[in-house]
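Residue-level structural notes
Here is what each chain is made of, one letter per residue.
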Amino acid sequence: MIQDIYHHKMEVVYDGEAVLGENDYIIAFQGRNVYMKKQKDETSGAFLTCEDILPVEYRKEAMEKFRRDAIYLLCLDGRRLFLLPEKYLSSCPQAQQKDINIFREKNEEGRPVSFAMITAWHLYRWYEETKFCGACGVRLRHGQKERTMVCPICGNVIYPRIYPAIIAGIYDDDRLLLTKMSPDARYYALVSGYCEVGETVEDTVRREVMEETGLSVKDIRYYKSQPWASSQSILSGFFARLDGDSHIHIDERELCEARWVKRDKLEDCYSKNGVSLTAEMMEYFQKHPEEFEIKRMDTSEE
Ligand SMILES: [Zn+2]
């Protein structure tokens, strides 16, 4: 998955004291586009540094301005990454604008950079949308101890926004429930949805499956989670067994397709780029049938 960067290390804890240096990585965004280092190889991304873009003769003076506007984001393999306003990179010949969806490309070598880039985008979105106090309208300031924006007048503290959501792999014997939100989607998805206030994530699984497909489920078990920055979410993946009638009543406002697919027909249904939890869950169901058999302990309930 995108976050599986193995011996690489990404640290996202805020450091209010961090000051931009010439060697630190820098990044800027414009909507869903990112400014990164221009490269011959289109598939792999790399971060720029101030050293890359500032000629030596102006560097000292420019660095003062850059430091005032830079926001510390995260640290990848010991190198710090700072967010800069778009204007600093948009006219820079060493920078290239790309769609943030480049993080989905199958490129295991580039995965740490992709994961850092898309995480940076999640933070960028939040900073872009968190400039004024929602209670009194005053311009917010950066918190010092944690990653927060703080109102200097009423004391309102705003933390980064993360939407909790679930992905549900619903199975019935050797079949998995697959969905599509759009007929243009290349691959299938699983049932997914956002948590409501006052709901456990298991409740969200039951509710979303019922709303989208009219099916009941049981034996809900946690699989893995995934930070999914492009929708500013944290995804919790669950498998659950069909309970009762397998006839699907699709909610056409949410889905264009929902169907049962047998294990031996799953191969072409999911992406092999190794990025998403959804794809990993489909592959897990396909390759580990023993994990989904009804064990003797289970049958005592039925
Ligand atoms: Zn306020």
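Residues numbered from 1 in each chain as written. Predicted model: local features only at pLDDT ≥ 70, side-chain atom pairs only at ≥ 80, totals over all residues. Heavy atoms only, no water.

Examining the overall build of the protein
As a reminder, the rule being used: Numbering of helices and strands starts at the N terminus; helices are DSSP runs of H or I of at least 4 residues and strands are runs of E of at least 2. Should any heavy atoms of two residues lie within 4.5 Å, those residues are considered in contact. For accessible areas, the Shrake-Rupley method is used with a probe of radius 1.4 Å. Any residue's cover is judged against the shown protein chains and nothing else. Charged-residue counts in this description rest on Lys and Arg as positive and Asp and Glu as negative, His and the chain ends being excluded. Where a charge lies is defined by one atom per residue type: Lys uses NZ, Arg uses CZ, Asp uses CG and Glu uses CD.
Across its full length, the protein carries seven helices and 16 strands. Each principal axis of the C-alpha atoms in the protein carries an extent, and together these give about 75 × 50 × 35 Å. In the protein, 65% of the contacts between residues at least 6 apart in sequence involve partners at least 24 apart. Taken as a whole, the protein presents about 16400 Å² of accessible surface, with 49% of it coming from carbon and sulfur. Taking the average place of the 42 positive charges on the side chains of the protein and the average place of its 52 negative ones, the gap between the two points comes to 5 Å.

Quick look at the UniProt feature "domain: Nudix hydrolase" (unreviewed entry) in the protein
Spelled out, the test is: UniProt positions are given in the numbering used here, feature names are shortened, and annotations may be inferred rather than shown by experiment.
Feature annotation in UniProt assigns "domain: Nudix hydrolase" (unreviewed entry) to the following positions: residues 161–283. Taken end to end, residues 161–283 has its terminal C-alpha atoms 30 Å apart, with 16% of it in helix and 39% in strand.

A short note on the sheet that holds strand β9 (residues 149–150)
Sheet strands pair via backbone hydrogen bonds, and the direction of the pair is either parallel or antiparallel. Applicable threshold: When DSSP finds at least two bridges between two strands, those strands are taken to pair.
Strand order in the open sheet formed by three strands is β8-β9-β10, with antiparallel pairing between adjacent strands. A single partner strand is all that each edge strand has here, and the edge strands are β8 (141–142) and β10 (157–158).

A word on the state of the cysteines
Which entries qualify depends on this criterion: The term disulfide is used for any two cysteine sulfur atoms that are within 2.5 Å. For every residue, the accessible area obtained with a 1.4 Å probe (protein chains only) is divided by the maximum for its type, and the residue is called buried under 20%, exposed over 50%, and partly exposed between those limits.
If you walk through the whole model with that rule in mind, you get zero disulfides. Left unpaired, C50 is separated from the closest cysteine sulfur, that of C92, by 10 Å. Accessibility expressed as a relative area gives 11% for C92, which makes it buried.

Re the coordination of the zinc ion
Between any two of four tetrahedral donors, the ideal angle at the metal is 109.5 degrees; between two of six octahedral donors, it is 90 or 180 degrees. Just so we agree on the cut-off: Each metal's donors are the N, O and S atoms found within 2.8 Å of it, except that Na, K and Ca use a 3.2 Å limit; water is left out, so coordination can look incomplete.
Taken together, the protein ligands of the zinc ion are C133 (SG), C136 (SG), C151 (SG) and C154 (SG), with distances of 2.3 to 2.4 Å. Positions of the donor residues of the zinc ion along the chain correspond to the pattern C-x2-C-x14-C-x2-C. Taken together, the positions of C136 in the loop between α4 (111–129) and β8 and C154 in the loop between β9 and β10 put the pair 18 residues apart, joining distant regions of the chain. When its relative accessible area of 42% is taken as the criterion, C154 is described as partly exposed.

Here we look at the layout of surface pockets
Inclusion rule: Grid points spaced at 1 Å over the protein atoms alone were grouped into cavities, where a 1.4 Å probe fits but cannot get out, and pockets, open sets with protein on both sides within 12 Å along at least five of seven lines, with lining residues defined by an atom within 4 Å of a point. Grid points are joined across faces, edges and corners, and a volume is the space filled by probe spheres set on the points. Side-chain classes follow a simple rule in which Ala, Val, Leu, Ile, Met, Phe, Trp, Tyr, Cys and Pro form the nonpolar group, Asp, Glu, Lys and Arg form the charged group, and the remainder, Gly included, forms the polar group.
Approximately 960 Å³ is the volume attributed to the largest pocket. What lines the largest pocket is a set of 37 residues, and nearest its centre among them are R104, M181, A189, W228 and T278. At the level of elements, β11 (163–172), β12 (175–180), β13 (191–194), α5 (201–213), β14 (217–228), β15 (233–242) and α6 (277–287) are the ones that each hand at least two residues to the lining of the largest pocket. Of the residues assigned to the lining of the largest pocket, the class counts are 19 nonpolar, 12 polar and six charged. There is about 450 Å³ of room inside the second largest pocket. In this structure, the second largest pocket is lined by 17 residues; those nearest its centre are D69, I71, P85, E128 and K131. Broken down by secondary-structure element, the contributors of at least two residues to the lining of the second largest pocket are β2 (25–30) and α4.

Considerations on the packing of aromatic side chains
The test is simple: Any Phe, Tyr or Trp ring, taking Trp's six-membered ring, that has another such ring centre within 6.5 Å forms a pair; planes under 30 degrees apart are called stacked, those over 60 apart edge-to-face, and the others tilted.
Counted under the stated rule, the structure contains 16 aromatic pairs. With centroids separated by 5.0 Å and ring planes inclined at 45 degrees, the aromatic side chains of Y223 and Y284 adopt a geometry described as tilted. Separated by 61 residues along the polypeptide, Y223 in strand β14 and Y284 in helix α6 bring together distant segments of the chain. Members of the aromatic cluster, joined through ring pairs, are Y171, Y223, F239, Y284, F285 and F292.

Considerations on the pairing of β12
With respect to burial, β12 is a largely interior element, five of its six residues being buried. Pairing between β11 and β12: two bridges, direction antiparallel. Following the sheet pairing, Y171 is matched in β12 by L176. Remark: two residues form the turn of the hairpin made by β11 and β12, two consecutive strands paired antiparallel; D173 in that turn has positive phi of roughly 55 degrees. Note that β12 and strand β16 (residues 257–262) share six bridges and pair antiparallel. Bridge pairing links K180 to E257 in β16.

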